[in-house]
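# Working through the structure, step by step
For reference, the chains in residue letters:
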Amino acid sequence: MDETEWLAERFERHRPRLRAVAYRMLGSPAEADDAVQDAWLRLSRSDVDEIDDLGAWLTTVVARECLHMLRSRRRRREDPDVPEPVAVPDAGLGPEQEALLADSVGLAMLVVLDRLSPAERLAFVLHDMFELPFEEIAGILGRTPAATRQLASRARRRVNGAEAPDPDLARQRQVVDAFLAAARAGDFDALVRILDPDVVLRTDFGPDGGPVLVRGAAAVARQTGGGRGGRLHPVLVDGAVGAVVSRDGQPFALLVFTVVEDRIAAIDGIGDPDRVRSVTSAPGAGSER
C-alpha cells in the first residue's frame, strides 16, 4: 500500500462522522459532501507527520469550511430559505433507507438551526451534538471559551424553545391526509381546524416564481386551499410525513409537514427541480396516494 492509499484509508474511517458534522451544520447533504471533500483535499496536501490527532484536525477543517459556507449563505440570502432534507419512500424502509434516516436530522430541527447565527450554530452543533470541548470550538471561532459557551447556551435556549413534532408516524399521516383532503375540496373551515393557529408555510416557489413565507392558520388556508389537485407520492422526509406532488406525470414539488399535537405546525415546500428529482428517483417513490 502506497502513502496515498494509506492516507485515504485513514480518512475513510473518519468520513461518516465528518459528514454527520457537516450535515448538521449545513442542513444540505450536497453541501456536506462538498465540505468533507474539501477536508480530504486539504489533508492530501498536508504533512501528516505534523498532525497529532487526525480526527480532531479533520473535524476542525470541516467545521471551518462549514462556518465559511454558512456566512457566505447569510450574506447572499434575501429570502426565506428551506433546508434540504433527506427523503426516502414511505413504503417500507430497507436497510439503506433506515441508515439515511438514522443519520438525518428532523426538518423541524434544521429549520430551528437555520435561524441561528453561523457562530451559534457551530457552537451548539459541535458541543451539544458532538461533545467537543469549548476550548477547541473557541479556536475555530476565534473567540474565548467563555464567549463560545455563551453562544452555545443562547442557541440551546432557542432550540429547546421550539415545539417537538409528533413522533407517531401513523398519527402524522392521519393529520396530513385530512389536510390534503380539505385542500383538494377547498374546505377553508376544515383547513383552519387542522392547522395550528401559528402555523408557518415556507416554500422556495410561489405564484410569481419566488419564495413564500406565510404565517397564521387563515393565511395558510387561503394559500393552500382551492382544490389545485396533483398526484401525491408519499415519502418520509427526515422521519416526517411528506409528499412529492406531480402534475401531468412530472414531479414539481416536495411538501413536508410538521405535526404537533394533532395539528400541522409547519409546511415546508421545496420546488427546486434537482431536490425533487433526487426524491422521485429513489426506489419505491412512485406509489400514489
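Look up: the structure comes first, before these words.
The following refers to the structure shown.

What counts, and where the lines are drawn
Residues numbered from 1 in each chain as written. Predicted model: local features only at pLDDT ≥ 70, side-chain atom pairs only at ≥ 80, totals over all residues. Heavy atoms only, no water. Helix = DSSP H or I, 4+ residues; strand = E, 2+ residues; numbered from the N terminus. Contact = heavy atoms within 4.5 Å. Areas by Shrake-Rupley, 256 points an atom, 1.4 Å probe, with all protein chains shown as cover. Expected span 1.5 Å × (residues − 1). Buried < 20%, exposed > 50% of the residue type's maximum accessible area, 1.4 Å probe, protein only. Core = buried A, V, L, I, M, F, W, Y, C linked by side-chain atoms within 4.5 Å. Phe/Tyr/Trp six-rings, centres within 6.5 Å; stacked < 30°, edge-to-face > 60°. Salt bridge = Lys/Arg side-chain N within 4 Å of Asp/Glu carboxyl O. Pairing = 2+ DSSP bridges.

## So, the overall build of the chain
Scanning the chain for helices and strands turns up twelve helices and seven strands. Long-range contacts, defined here as pairs at least 24 residues apart, represent 63% of the contacts in the chain between residues at least 6 apart. By element, 48% of the accessible surface of the chain is carried by carbon and sulfur atoms, the whole surface being about 14400 Å².

## So, helix α2 (residues 29–44)
The first and last C-alpha atoms of α2 sit 23 Å apart over 16 residues, in line with the 22 Å expected at 1.5 Å per residue. Every buried residue belonging to α2 is among P29, A32, A35, V36, D38, A39, W40 and L43, and all of these are buried.

## Thoughts on the environment of T203
Tracing the backbone through its elements, the reader meets T203 in strand β2 (residues 195–203). With relative accessibility at 6%, the residue T203 sits in the buried group. In this structure, the C-alpha to C-alpha distance between T203 and G271, residues 68 residues apart in sequence, is 7.5 Å.

## Quick notes on the nonpolar core
Of all hydrophobic cores here, the largest spans 44 residues; its most connected members are F11, M25, L43, L122, L126, I137 and L141. At the level of secondary structure, the elements contributing two or more residues to this core comprise α1 (3–26), α2, α3 (54–76), α6 (118–129), α7 (134–141) and α8 (145–160). For F11, the contacting residues outside a window of four places in its chain are L18, V36, A39, W40, L43 and L58.

## A short note on the packing of aromatic side chains
Overall, the coordinates contain two aromatic pairs when judged by the stated rule. Centre to centre, the rings of F11 and W40 are 5.3 Å apart; their planes meet at 55°, and the pair counts as tilted. Of this pair, F11 sits in helix α1 while W40 sits in helix α2, and the two are 29 residues apart along the sequence. For F11, a relative accessible area of 1% corresponds to the buried category. Taking relative accessible area as the criterion, W40 reaches 17% and is therefore assigned buried.

## Concerning the environment of W40
Linking W40 and F11, residues 29 residues apart in sequence, is a C-alpha distance of 7.2 Å. Beyond its immediate sequence surroundings of up to four residues, W40 is in contact with T4, L7, A8 and F11.

## Side note on the pattern of salt bridges
A side chain with one charge may pair with a side chain of the opposite charge, provided their charged atoms come close. All told, the structure shown has eight salt bridges when counted by the stated rule. Notably, a salt bridge pairs R19 with D33, separated by 2.7 Å at the nearest N-O pair. Here the residue R19 occupies a position in helix α1, and D33 occupies one in helix α2, the gap between them amounting to 14 residues. What makes R19 partly exposed here is its relative accessible area of 24%. Judged by relative accessible area, D33 falls into the partly exposed class, the value being 36%. A salt bridge links D38 to R42; the nearest nitrogen and oxygen atoms lie 2.8 Å apart. Taken together, the residues D38 and R42, both in helix α2 and four residues apart, mark about one turn of the helix. Residue classification places R42 among the partly exposed positions, given a relative accessible area of 40%.

## What about the pairing of strand β3 (residues 212–215)?
Across the two faces of β3 the burial differs, with V212 and V214 buried and L213 and R215 not buried at all. In this structure, β2 lies alongside β3, joined through four bridges in antiparallel fashion. Within the sheet, the bridge partner assigned to T203 lies in β3 and is V212.

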